[in-house]
Amino acid sequence: MSNITSLHFQAVTHRTLTSGAADLLNLGREYPLGYQYFRTRLHTAFASQASVEDEEEIKKGIERAEFVKKGMISCYDRDIRPHCVTHSLI
């Protein structure tokens, strides 16, 4: 891969991850077990993937974060928060 393409991928990925993490943190404010519990779990999940450098693995991680976000929104929209706790969010 060329250096320019790699830099572009890094910039787009960084923006995507930053906005995705911020969205998840905002959703976590309504988490039934509390914001601090959610924030700690989210941080652990992101930190455990910090060393991933393969583009395909990064894309899979972003897709996983989007899946979690959609699941949380779905639970909140239907007001079934107790069921969200049992769902493996992070």
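Only a predicted model underlies this, so the values are computations on that prediction, with no experimental measurement involved. (Residues numbered from 1 in each chain as written. Predicted model: local features only at pLDDT ≥ 70, side-chain atom pairs only at ≥ 80, totals over all residues. Heavy atoms only, no water.)

(A) Structural context of the environment of tyrosine 76. Positionally, tyrosine 76 belongs in helix α3 (residues 55-77). Owing to a relative accessible area of 13%, tyrosine 76 belongs among the buried residues under this scheme. Spatially, the C-alpha atom of tyrosine 76 lies 9.1 Å from that of tyrosine 31, the residues being 45 residues apart in sequence. (Helix = DSSP H or I, 4+ residues; strand = E, 2+ residues; numbered from the N terminus. Buried < 20%, exposed > 50% of the residue type's maximum accessible area, 1.4 Å probe, protein only.)

(B) Summary view of α3. Compared with an ideal rise of 1.5 Å per residue, which puts 23 residues at 33 Å, α3 spans 33 Å between its outermost C-alpha atoms and is within 8% of the ideal. For α3, the full list of buried residues reads Ile58, Ile62, Ala65, Val68, Lys69, Met72, Cys75 and Tyr76. (Expected span 1.5 Å × (residues − 1).)

(C) A look at the nonpolar core. Listed in full, the nine residues of the largest apolar core are Leu24, Leu27, Tyr31, Phe38, Leu42, Ala65, Val68, Met72 and Tyr76. Elements with a minimum of two residues in this core: α1 (3-28), α2 (35-48) and α3. It is α3 that contributes the most residues to this core, four residues altogether. Excluding residues that lie within four positions of it along the chain, leucine 27 makes contacts with Lys69, Met72, Ile73 and Tyr76. (Core = buried A, V, L, I, M, F, W, Y, C linked by side-chain atoms within 4.5 Å. Contact = heavy atoms within 4.5 Å.)

(D) Local environment of the packing of aromatic side chains. The final tally for this structure, using the stated rule, is two aromatic pairs. On the numbers, 6.1 Å between centres and 10° between planes, the contact of tyrosine 31 with tyrosine 37 is stacked. For tyrosine 31, a relative accessible area of 9% corresponds to the buried category. Among the residues examined, tyrosine 37 registers a relative accessible area of 35% and is labelled partly exposed. For the pair tyrosine 31 and phenylalanine 38, a centre-to-centre distance of 5.2 Å together with 50° between the ring planes defines the contact as tilted. Among the aromatic side chains, those forming a connected cluster through ring pairs are Tyr31, Tyr37 and Phe38. Cation over ring: arginine 29 sits above tyrosine 35, and NZ or CZ is 4.7 Å from the ring centre. (Phe/Tyr/Trp six-rings, centres within 6.5 Å; stacked < 30°, edge-to-face > 60°. Lys NZ or Arg CZ within 6 Å of the ring centre and 35° of its normal.)

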